[in-house]
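Given next are the chains, with one letter for each unit.
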Amino acid sequence: MRVFLSSLLCAAILGYRAGAVVIDDFSMTSQKFLSSGVPEGFTLDLNEERLVQFAEDDKPVWITEREKIRAKALGRKFFDITHTPWFKRPPTSLAPSLAYPAPDKQNLVNTVIANLTVDGMISNLQKFTSFRTRYYRSETGKESQKWLLNRISEITAEYASPSLTYLITLTEFTHPWGQNSIILKIKGASEAAAVENGTVVIGAHQDSANTIPFLPAPGADDDGSGTVTILETYRGLLASNYTPVQDVEFHWYSAEEGGLLGSQAVAQSYAQENVNIHSMVQFDMTAWVKRGTREEIGIVTDYVDADLTEFIRTLVNTYCGIPYVDTQCGYACSDHASWGKAGYRSAFGIESTFDNSDKNIHSTNDRMDISDEFSFDHMLEFSKLAVGYIIETAGWSKL
Ligand code: BES
Ligand code: ZN
């Protein structure tokens, strides 16, 4: 009943058509939307003009925040570039072409993988999905971000050795909308290697959004799953006293659902400061195994770096207990695209093919207890992949 009511509300607000019956017209309902006002706990101006880009070769267009929300409801993907007027980073500032040698650190990687468990992922996701919404322009979105920041500090305090603690910095990358992105850096043991070969980055987005942003959005799969997947990767590395040779960073982006706003701000700032990024791998939706399908790691092949993606396939074969499957996600699908646009190498691992992915996202049903298709064991496979990627690329400095 609740689901039905919320989809009806969605239809009414956004001007959807239910079958042949036109429930409402968007221009009419926009009046209702406005007159009912933005609820308490949200800071949002539906009439604000935003500059968005819907395809690589399209000219950016100005639309209102309301039109942006509607476009997303209709399944259109976009970069919101209002605050990040892009420039292409000169290719010369990219590190020379990477060779991606065959994985050769199996012993080290497998000792860390042996430490990974679903226990922390379950309790972390339970808490993370208990916020009404993690919408980037909501009060609860700010609270969930502060909770995540604090959880990362707690994990650091509990699992990092004193020598490792000294190499770790945890910062908030602030954004004007209130929910900040989070950056955890483990400094590499070799300053020269770090500068020459660049920082190794894994990311996930911490925000969630209902199609109607004011409605609840537990965001268990999208992208609570990726958030706790990389958190477990971090915990596992600390517990094994991992010290990288190159710098390693974990990013939890804000406002992916608003049009990749957080990751664009971070990537643009790194590009402007000419930070050498070795590569970036995104984890967005890692939990769902559709009933009746083979459990697989989806490897996104569009809007990614082909060589890095091929390396990720090799890592799946080496370190995961399940096979990979290629899939596509489209333009501006998740935060890896912000890094690609800034001129960096990026890749994207996802729970399945696009067709077999979780259809509950952006609704009140994106819950970890909705179905046994939501699998923490599946998420753990992505933590293994992330551990393999980090150690194989950033190295391990054994003292
Ligand atoms: N996790 C989704 C992308 C996704 C959706 C992957 C379905 C696989 C299946 C992501 O959080 C998202 O919602 N992206 C937006 C685009 C964004 C830039 C507005 C989308 O797909 O609408
Ligand atoms: Zn989403």
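Residues numbered from 1 in each chain as written. Chains lettered and ligands numbered in written order. Predicted model: local features only at pLDDT ≥ 70, side-chain atom pairs only at ≥ 80, totals over all residues. Heavy atoms only, no water.

## Describing the overall build of the protein
- For the protein, the helix and strand inventory stands at 13 helices and 13 strands.
- Per-residue burial for the protein yields a buried fraction of 59% across its 399 residues.
- Contacts in the protein between residues far apart in sequence, at least 24 positions, make up 80% of those at least 6 positions apart.
- Put simply, the protein shows about 16,100 Å² of open surface, and 54% of that area lies on carbon and sulfur atoms. (Helix = DSSP H or I, 4+ residues; strand = E, 2+ residues; numbered from the N terminus. Buried < 20%, exposed > 50% of the residue type's maximum accessible area, 1.4 Å probe, protein only. Contact = heavy atoms within 4.5 Å. Areas by Shrake-Rupley, 256 points an atom, 1.4 Å probe, with all protein chains shown as cover.)

## Thoughts on the packing of helix α9 (residues 220–239) against helix α13 (residues 376–394)
- The N-to-C vectors of α9 and α13 enclose an angle of 50 degrees; their axes lie 9 Å apart at closest approach. The angle between α9 and α13 falls in the class oblique. α9 and α13 meet at a crossing whose hand is right-handed. In this structure, α9 uses S225, V228, T229, E232, T233 and L237 to contact α13, whose residues at the interface are M379, L380, F382, S383, A386, V387, I390 and I391. (Axes fitted to C-alpha atoms, helices over the stretch in contact; angles between N-to-C directions. Parallel < 35°, antiparallel > 145°, perpendicular 65-115°, else oblique. Left-handed = near helix turned anticlockwise from the far one by under 90°.)

## Topic: the site of ligand 1
- Around ligand 1, 19 residues are found, and the nearest of them are K77, D222, E256, D284 and H362.
- Within the side chain of K77, an N or O atom sits 2.6 Å from an oxygen atom of ligand 1.
- At 3.1 Å from an oxygen atom of ligand 1 is found a side-chain nitrogen or oxygen belonging to H205.
- Taken by itself ligand 1 offers 510 Å² of open surface, and the protein chains cover 95% of this.
- Among the residues making up the shell around ligand 1, the classes are represented as 9 nonpolar, 4 polar and 6 charged. (Near = heavy atom within 4 Å. Polar contact = N/O pair within 3.5 Å; in protein donor to acceptor, adjacent residues only side chain to side chain. Nonpolar A, V, L, I, M, F, W, Y, C, P; charged D, E, K, R; others polar.)

## Digging into the environment of K290
- By the element assignment, K290 lies in the loop between β10 (277–283) and β11 (297–300).
- Judged by its relative accessible area of 35%, K290 falls in the partly exposed class.
- Placed 65 residues apart in sequence, K290 and D355 show a C-alpha to C-alpha distance of 9.6 Å.
- With near-sequence residues (within four places) excluded, K290 lies in contact with D355, N356 and E373.

## Let's talk about the sheet that holds strand β6 (residues 168–173)
- In space, the 8 strands of this open sheet follow the order β6-β7-β9-β8-β10-β13-β11-β12, with mixed pairing throughout. Because the sheet does not close on itself, it has two edges, and the strands there are β6 and β12 (324–327). Each adjacent strand pair in this sheet contributes to an overall mean axis angle of 25 degrees, direction not counted.
- Sheet contacts for helix α6 (residues 139–159): β6, β7 (181–186) and β9 (248–253); angle to β6, the most-contacted strand, approximately 175 degrees.
- Along the sheet, helix α10 (residues 261–272) contacts β6, β7, β9 and β10; its crossing angle with β9, the most-contacted strand, is approximately 145 degrees. (Pairing = 2+ DSSP bridges.)

## Description of the coordination of the zinc ion (ligand 2)
- Protein ligation of the zinc ion (ligand 2) involves D222 (OD), E257 (OE), E257 (OE) and H362 (NE2), the donor distances falling in the range 2.0 to 2.6 Å.
- Geometry at the zinc ion (ligand 2) is irregular, judged from the 6 donor atoms that bind it and their angles of 55 to 155 degrees at the metal.
- Read N to C, the donor residues that coordinate the zinc ion (ligand 2) are spaced as D-x34-E-x104-H. Taken together, the residues span a long stretch of sequence, with D222 in helix α9 and H362 in the loop between β13 (346–350) and α13 at a distance of 140 residues.
- For D222, a relative accessible area of 5% translates into the label buried. (Donors = N, O, S within 2.8 Å, 3.2 Å for Na, K, Ca; no water. Tetrahedral: all angles 85-135°; square planar, octahedral: opposite > 155°, others 65-115°.)

Functional significance is not addressed by these values, which are geometric in nature.
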